[in-house]
Amino acid sequence: MTETETLCNGDWLRLKRRGQWEYAERTNPGGAVVIIAVTPDDCVLFVEQYRAAIDCKTIEMPAGLVGDVETSTDESAIDAAHRELVEETGYRAQRIVFLMEGPTSSGMSNEILGFVRAYDLTREHAGGGDDTEQIVVHEIPREAAPAWLVSKMRDGFSIDPKLFAGLYLLDHGETLFTR
């Protein structure tokens with residue numbers, strides 16, 4: 001067994017070395033969750049925000065860390081999804097179904113990312129995130145979503161490839177993972 005060394009501790013990340021391999025470790029207990037959400041008008045919800053790590057604006061599906069709120073460190077991915085969906089988009093889901101989880105970048109981080117599907121949305125407010133975020137909410141017709149993402153990429157936005165996985169799971173996720 002190779003010894004693991006901590007190189008640096010941050011508030012949310014820890015840099016470690018095991019043998020010759022350096023990687024980032026999430027310090028929150030639950031990883032992260034991506035929320036695949038469609039409005040009653042059959043529009044997919046996306047969020048736009050600046051991400052300091054890549055120094056540009058991104059388009060993402062609503063998402064967030066699990067267990068990152070001091071009063072909810074033991075929350076489930078579904079509980080975090082309920083919280084993050086309302087916070088970021090202003091929509092509340094009547095039902096959220098867990099689909100799958102896996103590593104975000106197994107060669108660089110121990111972070112585990114879950115995908116959930118949100119159903120029966122109702123609008124409560126405009127969204128926009130918490131006090132530390134400046135989120136713009138986009139409601140894009142489901143059929144137009146892939147082309148819209150490519151257009152935003154051409155406009156200079158960073159488009160996470162997981163968005164295309166999310167669109168696939170929108171149509172096939174429950175059949176694949178909830179039998």
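See the structure above.
So, a few notes on the structure that sits alongside this text. Keep in mind it's a predicted model, so treat the numbers as computed, not measured.

## Structural notes on the packing of aromatic side chains
Move 1: In this structure the tally under the stated criterion is one aromatic pair.
Move 2: The ring centre of Tyr-119 lies 4.2 Å from the NZ or CZ of Arg-95, which sits over that ring.
Move 3: Sitting over the ring of Tyr-119, Arg-117 keeps its end group 4.3 Å from the ring centre.

## Digging into the pairing of strand 1 (residues 4-9)
Move 1: Across five bridges, strand 1 lies against strand 2 (residues 13-18) in antiparallel orientation. Following the sheet pairing, Asn-9 is matched in strand 2 by Arg-14.
Move 2: Taken together, strand 1 and the strand that follows it, strand 2, pair antiparallel across an intervening segment of three residues.

## As for the pairing of strand 6 (residues 56-60)
Move 1: Of the pairings in the sheet, the one linking strand 5 (residues 43-51) to strand 6 comprises five bridges and is antiparallel in character. Within strand 6, the residue paired with Arg-51 across the bridge is Cys-56.
Move 2: Hairpin geometry of strand 5 and strand 6 is characterised by an intervening segment of four residues between the two adjacent antiparallel strands and by a positive phi of about 55 degrees at Asp-55.
Move 3: As judged from the two bridges shared by strand 6 and strand 11 (residues 158-159), these two strands associate in the parallel manner. When the bridges of strand 11 are listed, Thr-58 appears paired with Ser-158.

## Comments concerning the nonpolar core
Move 1: Counting residues in hydrophobic clusters, the biggest one holds 25 residues, and the most contacted among them are Val-44, Phe-46, Ile-59, Met-61 and Leu-149.
Move 2: Of all the secondary structure elements, the ones that give two or more residues to this core are strand 4 (32-37), strand 5, strand 7 (63-65), strand 8 (91-103), strand 9 (112-123), helix 2 (145-154) and helix 3 (162-177).
Move 3: In terms of residue count, helix 3 provides more of this core than any other element does, four residues in total.
Move 4: Beyond its immediate chain neighbours, meaning those up to four positions away, Leu-149 contacts Phe-46, Ile-59, Ile-159, Leu-163, Phe-164 and Leu-167.

## Focus on the sheet that holds strand 2
Move 1: Spatial strand order, 1-2-3: three strands in an open sheet with antiparallel pairing. Each edge of the open sheet is held by one strand with a lone partner, namely strand 1 and strand 3 (21-26). Shown here is a sheet whose adjacent strand axes are inclined to one another by a mean of 30 degrees, direction ignored.
Move 2: Bridge analysis of strand 2 against strand 3 gives six bridges, and the strand direction is antiparallel. By the bridge assignment for strand 3, Leu-13 is matched with Arg-26.

## Regarding the pattern of salt bridges
Move 1: Inspection of every chain in the model, using the stated rule, returns 14 salt bridges.
Move 2: Between Arg-17 and Glu-22 there is a salt bridge whose closest N-O contact spans 2.8 Å.
Move 3: A salt bridge links Arg-123 to Glu-139; its shortest N-O distance comes to 2.7 Å. Of the two residues, Arg-123 is situated in strand 9 and Glu-139 in strand 10 (residues 136-141); the sequence distance between them amounts to 16 residues.
Move 4: Since its relative accessible area comes to 41%, Arg-123 is described here as partly exposed.
Move 5: On the accessibility criterion, Glu-139 (30% relative accessible area) is partly exposed.
Move 6: The network of salt bridges with shared partners includes Glu-5, Arg-17 and Glu-22.

## Topic: the sheet that holds strand 5
Move 1: Here four strands make up an open sheet; going across it, the order is 10-5-6-11 and the pairing mixed. The sheet terminates laterally at strand 10 and strand 11, the two strands that pair on one side only.
Move 2: Across the sheet, helix 3 lies against strand 5, strand 6 and strand 11, angled at about 165 degrees from strand 5, the strand it touches most.

What counts and what doesn't
Residues numbered from 1 in each chain as written. Predicted model: local features only at pLDDT ≥ 70, side-chain atom pairs only at ≥ 80, totals over all residues. Heavy atoms only, no water. Phe/Tyr/Trp six-rings, centres within 6.5 Å; stacked < 30°, edge-to-face > 60°. Lys NZ or Arg CZ within 6 Å of the ring centre and 35° of its normal. Pairing = 2+ DSSP bridges. Helix = DSSP H or I, 4+ residues; strand = E, 2+ residues; numbered from the N terminus. Core = buried A, V, L, I, M, F, W, Y, C linked by side-chain atoms within 4.5 Å. Buried < 20%, exposed > 50% of the residue type's maximum accessible area, 1.4 Å probe, protein only. Contact = heavy atoms within 4.5 Å. Axes fitted to C-alpha atoms, helices over the stretch in contact; angles between N-to-C directions. Salt bridge = Lys/Arg side-chain N within 4 Å of Asp/Glu carboxyl O.

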